[in-house]
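What the coordinates show
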Amino acid sequence: MMAEKPYNEKLNDSKNMPEAVEITDSKAAFMKEVTAAIIRDGDKILICQRAADDECAMLWEFPGGKRENGETLEECIIREIREELELDIRVLGIFTKSIYHFNNNEIYFTLYNAEIIGGELQRNVHNAVEWVTVEEIGEYDFMPADIGFVEKILKERN
Ligand SMILES: Nc1nc2c([nH]c(=O)n2[C@H]2C[C@H](O)[C@@H](COP(=O)(O)OP(=O)(O)OP(=O)(O)O)O2)c(=O)[nH]1
C-alpha cells in the first residue's frame with residue numbers, strides 16, 4: 001500500500017509514467033486515469049470553469065475527464081471534448097503526463113495538445129468557458145492538480 005501523500009503534492013515526472021495503466025478492481029477505488037486537453041486557437045487557449053454543483057466547484061480546468069473501460073487515452077479525450085463542448089478535436093501530441101496524489105486517491109493525468117477540427121462550441125457541463133492568452137492564464141484559479149500544468153505553459157510561452 002502506497003503511503004498517503006500530502007494533498008498538494010504534485011509529481012510531474014513523465015519518465016516514470018506508463019503509457020496506459022492497468023486498473024484492477026482493487027485499485028479502481030483510489031486510482032483514476034484522466035485526460036485533459038490544451039486546445040489552442042491562434043494565441044488563445046480554451047479553459048473551462050467547473051460547475052457550481054461539481055467536485056471542485058468553480059475552479060478552472062482544461063476540459064477532459066476519466067477514461068472509460070475499453071477506450072484508449074486518445075479516444076477518451078476525443079469523446080470527453082465532444083460530450084462537454086460539442087467540439088471535434090485532433091490530438092497533436094502529449095503536452096505532459098503527471099501523477100497527482102490527494103487523500104487516498106491517485107490521478108494519472110495525460111494532458112494533450114489539441115486543435116479543433118469541427119463542431120460548434122457548447123457549454124454542456126461547465127459554468128463558463130473562456131479563450132485566454134498565455135499572459136492571462138495565470139490570473140485564473142485552477143484546480144490544484146493543474147497548477148503545475150499552468151506553470152509549464154507559462155514557462156514554455158516563448
Ligand atoms: N477534466 C479535468 N479533470 C480534472 C482536471 N484537474 C483535476 O484535478 N481534475 C480531476 C477532477 C476529477 O477528479 C477528475 C476528472 O473528473 P471529471 O469530472 O472531469 O471526469 P468525468 O467527465 O469523467 O466526470 P464524471 O462522468 O465522473 O462526472 O480529474 C482538469 O484539468 N480537467
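Our subject is the structure listed above.
Thresholds, definitions, all that
Residues numbered from 1 in each chain as written. Predicted model: local features only at pLDDT ≥ 70, side-chain atom pairs only at ≥ 80, totals over all residues. Heavy atoms only, no water. Core = buried A, V, L, I, M, F, W, Y, C linked by side-chain atoms within 4.5 Å. Buried < 20%, exposed > 50% of the residue type's maximum accessible area, 1.4 Å probe, protein only. Helix = DSSP H or I, 4+ residues; strand = E, 2+ residues; numbered from the N terminus. Contact = heavy atoms within 4.5 Å. Phe/Tyr/Trp six-rings, centres within 6.5 Å; stacked < 30°, edge-to-face > 60°. Polar contact = N/O pair within 3.5 Å; in protein donor to acceptor, adjacent residues only side chain to side chain. Near = heavy atom within 4 Å. Areas by Shrake-Rupley, 256 points an atom, 1.4 Å probe, with all protein chains shown as cover. 1 Å grid on protein atoms, 1.4 Å probe; cavity = no way out; pocket = protein on both sides within 12 Å on 5 of 7 lines; lining within 4 Å. Sits in = over half its atoms within 2 Å of the grid points. Nonpolar A, V, L, I, M, F, W, Y, C, P; charged D, E, K, R; others polar.

If you look at the biggest cluster of nonpolar residues, it comprises 22 residues, and the most contacted ones within it are I45, I47, F62, I137 and I153. At the level of secondary structure, the elements contributing two or more residues to this core comprise strand 2 (31-41), strand 3 (44-49), strand 6 (87-102), strand 7 (105-119), strand 8 (128-133), helix 3 (134-137) and helix 4 (147-155). Setting aside its immediate chain neighbours within four residues, I153 contacts I38, I45, F62, F95, V134 and I137. Counting 13 residues, the second-largest nonpolar core is a separate cluster that includes L46, L73, I77 and L85.

Overall, the coordinates contain 3 aromatic pairs when judged by the stated rule. Note on F109 and F149: the rings are 5.4 Å apart at their centroids and 85° apart in plane angle, and the pair reads as edge-to-face. Placement of F109 in strand 7 and of F149 in helix 4 is noted, with a sequence separation of 40 residues between them. The class for F109 is buried, based on a relative accessible area of 8%.

Relative to the helices and strands, E106 is located in strand 7. Among the polar contacts listed, one links the side chain of E106 to the side chain of Y108, at a separation of 3.2 Å.

Turning our eyes to something else, we now look at the site of the ligand. Taken together, 16 residues are adjacent to the ligand, and K32, F62, G64, K66 and D146 come closest. Within the side chain of K32, an N or O atom sits 2.9 Å from an oxygen atom of the ligand. At 2.3 Å, a side-chain N or O of K66 approaches an oxygen atom of the ligand. Within the complex, 77% of the 620 Å² of free accessible area of the ligand lies under protein. Structurally, the ligand is housed in the largest pocket. Breaking the shell around the ligand down by element, the ones donating at least two residues are strand 2, strand 5 (64-66), helix 2 (73-85) and strand 7. Of all the elements, strand 5 adds the most residues to the shell around the ligand, at 3 residues. Of the residues belonging to the shell around the ligand, the class tally is 6 nonpolar, 2 polar and 8 charged.

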